[in-house]
Amino acid sequence: MPFEVVKRYVLSLCCEACKKVIFHVPSELEADTLVGRVDLKECLPSADFISSSDGNFKILEDGSVYTTSPLSLSAEKKTFNVLLKDTQEHVQKKIHVSLVEEEKKTQKTRQARDTVLKRTKRRWGPIPSVMIENSLGPFPLQIQQVQSDTAQNYTIYYSASGPGIDQDPKGLFYIERETGNIFATRAVDREQYPSFQIICFATTPDGYSPEVPLVHTIRIEDDNDNAPYFTQDLFEFSVLENSKPGVVVGRVTAEDRDEPETLHTWLKYRIVSQTPPVTPAFSLHGDTGVIAVLLPQLDRELVSTYTLLVEVRDMAGQPFGLCTTGTVVIRIEDTNDNAPSFKQTHVLSLCCEACKKVIFHVPSELEADTLVGRVDLKECLPSADFISSSDGNFKILEDGSVYTTSPLSLSAEKKTFNVLLKDTQEHVQKKIHVSLVEEEKKTQKTRQARDTVLKRTKRRWGPIPSVMIENSLGPFPLQIQQVQSDTAQNYTIYYSASGPGIDQDPKGLFYIERETGNIFATRAVDREQYPSFQIICFATTPDGYSPEVPLVHTIRIEDDNDNAPYFTQDLFEFSVLENSKPGVVVGRVTAEDRDEPETLHTWLKYRIVSQTPPVTPAFSLHGDTGVIAVLLPQLDRELVSTYTLLVEVRDMAGQPFGLCTTGTVVIRIEDTNDNAPSFKQTHYETRVEENRVNVEILRVSVVDLDEPGSPGSGAVYEIIRGNDDRSFEITTDKNTNEGILCVVKGLDYEAAKQRILVIAVNNEAPYMLAPHSQQLSQSTSSVTVHVLDMDEGPVFKPCHLRIDVKECEDIGTSIGRYVAEDPETGNSEGICYRIPPGQCNWISIDEKSGEVRTIKVLDRDVGEMRRGQCNITVLAIDRNGKTGTGTIQVVIQPGNKNFPRIAKTDYIMCRDRKPICLTAQDDDESPYSIPFAFHINDRSLASSWKITRHNDNSVYLSPKGDIPFGIYRIPVSVTDNGGKVGEHYIRVNYCDCVTPSECNGGPRVFAGGNVTLGLWAILAMILGSLLLLLILITICGCCGSGVMHRQVTDDCANHNLIISNTEAPGEEVMDHNIIPLQNTCDQGGYGIKTGDQQTFEMVKGRGHTLESVKGGGHQTLGSVKEGGGGGGGQPMMDTCRYSYSEWHNFTHPRLGEKVHLCRQDEEQKHSEDYLLSYNYEGKGSLAGSVGCCSDQHEEEALDFLDQLEPKFRTLAETCIKR
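The rules behind each value
Residues numbered from 1 in each chain as written. Predicted model: local features only at pLDDT ≥ 70, side-chain atom pairs only at ≥ 80, totals over all residues. Heavy atoms only, no water. Core = buried A, V, L, I, M, F, W, Y, C linked by side-chain atoms within 4.5 Å. Buried < 20%, exposed > 50% of the residue type's maximum accessible area, 1.4 Å probe, protein only. Helix = DSSP H or I, 4+ residues; strand = E, 2+ residues; numbered from the N terminus. Phe/Tyr/Trp six-rings, centres within 6.5 Å; stacked < 30°, edge-to-face > 60°. Disulfide = S-S within 2.5 Å. Salt bridge = Lys/Arg side-chain N within 4 Å of Asp/Glu carboxyl O.

(A) A look at the nonpolar core. Val-589, Phe-619, Ile-628, Leu-635, Val-665 and Ile-667 are the most contacted members of the largest nonpolar core, which has 25 residues in total. Going through the elements one at a time, β43 (571-577), β47 (619-621), β48 (627-630), β49 (642-650) and β50 (660-670) are the ones with two or more residues in this core. The dominant element in this core, judged by the number of residues it contributes, is β49, at four residues. In terms of nonpolar packing, the next biggest core, distinct from the first, is built from 24 residues, Val-249, Leu-267, Val-293 and Val-328 among them.

(B) Focus on the packing of aromatic side chains. Under the criterion given, the structure shown has 24 aromatic pairs. A ring pair is formed by Trp-945 and Tyr-968, whose centres lie 5.5 Å apart and whose planes are at 65°; its orientation type is edge-to-face. Of the two residues, Trp-945 sits in strand β73 (residues 945-951) while Tyr-968 sits in strand β75 (residues 966-975), which places them 23 residues apart along the sequence. What links up through ring pairs into an aromatic cluster is the set Phe-230, Phe-235, Phe-237 and Tyr-269.

(C) Main features of the state of the cysteines. Per the counting criterion, the structure on display carries five disulfides. With a sulfur-sulfur separation of 1.7 Å, Cys-840 is cross-linked through a disulfide to Cys-870. Handedness of the Cys-840-Cys-870 disulfide follows from its S-S torsion of about -100°: it is left-handed. Of this pair, Cys-840 sits in the loop between β64 (832-834) and β65 (843-845) while Cys-870 is found in strand β67 (residues 869-877), placing the two residues 30 residues apart along the sequence. Cys-870 shares its class with Cys-840; the two are buried. A sulfur-sulfur distance of 2.3 Å marks the disulfide that ties Cys-910 to Cys-993. On the sign convention where negative is left-handed, the bridge of Cys-910 and Cys-993, at about -95° about the S-S bond, is left-handed. Placement of the pair is Cys-910 in the loop between β70 (906-909) and β71 (916-921) and Cys-993 in the loop between β76 (981-990) and β77 (1005-1006), with a sequence separation of 83 residues.

(D) Highlighting the pattern of salt bridges. Overall, the coordinates contain 33 salt bridges when judged by the stated rule. For the salt bridge of Arg-699 with Glu-738, the shortest nitrogen-to-oxygen distance reads 3.0 Å. On the criterion of sequence distance, the pair formed by Arg-699 in strand β53 (residues 695-700) and Glu-738 in the loop between β56 (728-732) and β57 (739-743) is long-range, its members being 39 residues apart. Across the salt bridge formed by Asp-992 and Arg-911, the nearest N and O atoms sit 3.3 Å from each other. With a gap of 81 residues between them, Asp-992 in the loop between β76 and β77 and Arg-911 in the loop between β70 and β71 connect regions that are remote in the sequence. Owing to a relative accessible area of 19%, Arg-911 belongs among the buried residues under this scheme. Taken together, the shared-partner salt bridges connect Glu-696, Arg-699, Asp-733 and Glu-738 into one network.

Treat this as a map of the structure, not an account of what it does.
Set out below in structure tokens:
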């Protein structure tokens, strides 16, 4: 709290004294005794807070001084102060009061008003008055009298003001001036004016008021002058058919304008009638108005809508209560409870089996609700769970009794009807045919008279529920009700009963007279133990016949106020923040009463009996809810930290004759931060040596009136000025709440010999200003810190130096200079430098100049240099041996020292020519690595191959067009981002395969050199062409239909290819030098048609094939160029191998052209069958036709193709360029 607040608090204890007052009083004073009255307005007119310095006295707002407890006058009790306070202006004054014991014989004078006689009861606070609503008078009607005890000493005149007197409705009440009697002048409607609060005054003829004004309540007692009414003209509900009993259908509601929670508004509901008048289908709860299903078989197909006439009656349903009726319509909603059936079965269901016929003799005129007779349902269908009548004028009860539902005259149409029985589970229906016969008028009355009913006007078998007063004093047995049967006019009726209180616990409490039906109680009942009884009454004839259904009769125990209310807790404890606004809820006290709910016996009222300390009332208690709220606008924890309230709860709506109980409430005032902390001193001084760190130099303390240890008193210190370099730090000692000032950075005497700091203090919790108080100011204090001079060692500037070194610099390269200064002189003279051992051995420092050089090649790929940096501590030593330290951080900057390389250089490319992915790597770091640039160095190969970028470190290599199969060595250069170039040869085996695993033979190599044809190669080409031409001519000239027998022998001595045609039935040519030719017209494995051309597939050694035009990635005849291939190079000979692709490209175009021409006739039209089959010449031939239109149905063995390699070996060797 700021200093000025503390000063104000001190002034409140030493406030200005206005005057002194002396009261003459007896030596013994009772509690609540008027001592006298002081003039508060004269002392401090604006006072809004009044209290006494002595708790034995209380001060009212008009200055009246009362005792709070009995006391004897003594020296200690003779003086006290009346404290007055203006909270807005912060002004306090006091009135000094002295009590002087009066002389026993002192003459009674006008000053006697300052003394109070001993009394036993105060009459100025009478209980609230009660006036009956709609009272008939006579008027004026006296309803109360108020009197002042001071009338024994003075002449007192009474007056009153408020509603009903000088406010609307004016003139309703008046008070007699001399007697204090209060009169009413006319009747009052409670629904318009439920109560009146008037203010009564007692004054002497000279205008002095010995009593405080009295607030008197006149309550209008309710009269049952309003009938209840339904909230709706029509209630409409719906329920599913076949719903179980107890299912809620809906709720009817009614209201009553009379006083709530009284018998006048205690409503009861009942069903008056049901349409159609069949078996009752619904029940109506008397208290809640809830309608529920009663009939277990609601069948929409029988009755789809019920209309109920319901009644609501006040006075708990007693006959003398007022009532109103209403209408309820209940619609039965359909469910799928009927399965579809054939019409024939449906007809049978309408014509259900008839059990028997019953005849009843009845009068010609029948009243409503008349017993016609009874049929035996069990004999017809024992399992029947649904009973109805085919005629709505009759209803059937479960025991088979047949009643009329409306008055009717017997006629031909009314003489017969059916009783329908149904077993819904077994789907069985039966009926009983009933005939009504008009009885003869002179028939002698016999036992069968039970089948007729005399005309009556009122049923007496259903009386209203009985009421018995709890704890009744008797005399016992006490008659409480009588039940009678209307059939007693025709039969001798005996009455009996069963149920709780009769033959069940508590047994013997009630009994019923056998002959009269009178019900008696034998002893008193406690309602809290047995609130009601339901007994079953029976009416039977001497022979055991029951003309009435059993009657369920309710005996309700009327509550007596025999239980006092009680609080639910022995002690209620609450808390509230200080300075809370009036109306803030503190808590709630709760009480219960075991008497009957919703009656006056349990209508509880709460009030505060007393408060400790007995100062101005600080809290209010809501009479109905028990909610305690703040009343005093200035709850100050620093003045009063705890209040104790004695509270009372009383039933009977708080009337004086009600039962009551008291309880205790403790309310603790919680602290808020409404007091700011303030420094005990406004200035401090301290000293510290320079360069000392983490040392405590001062402790400061504050004063705070808030609760110790709470966030509202916890101090938070901060340095608000003089600490720009963050050399100081101040923290809070949690134990003492002191501020600890420390030095966290070394101070320099040469820079500043003293430092002046300004420290401010706040609380941990935010400030919460009290109402009408001024804004709190922040408390500050200044601290002067004197710096003491000390001898210091040299200092590096900066203390941490970073040096960047390029990777792989030469040894001995100067990379920087690191020097220190003497703080005393400001120069570097006489300082030597060295690097302590045990650190990374990368650099050296000159002892005199501080120049830094490398002592090894710094390579980030070597050992400890992989981290790329190292921190090295350097020592500086002056002439006096004082030492200073500094740190050099050597950081190796990456360089471009590695060439990019291609990880994989050998690849196999199949005939699909899928691009090859070349990936390069570089051990250097960015920016000397990716992106890479790829180039083909050989121009001839660059024209046949292309490179396509994939990403920063890879590309795709693929041929630009058609190239021959073989191995290619392609020179590719890779350039990194730093400009370094790496050259590699990519070896690509372009193989005639589908998958790379098929290329197992030795491939032909193509390189970037010159490729030329040798003499032997040219001769081989010519011979090969002539040989193929010869084969073509031979095939075209054949006219036989025989099939060649193909057999190849491995004769390496004979190097000729001999074609032999065999004409059946001639002998087979078994020459080992024959190479068989397969007809290619229809054999898809060896010859393939493409357009109008035929292609041949010839076999070379080791299973490698040579193909011409094929779809899907195969080489075509048109793509082969003269003298080479798409590879862009010249043929090159290799040891033991031959250039098969050269020979293939040379012969196939010519051979295809010849075959094409051979299939045309002279008119340039294609021959239909140029190759004719041989005719049959007497004996079947083993060879089939070779004609282009013949089909070879046999599956020929093709293994001979693997034996052709030796036949071509000599030719291949001659084509190799040595």
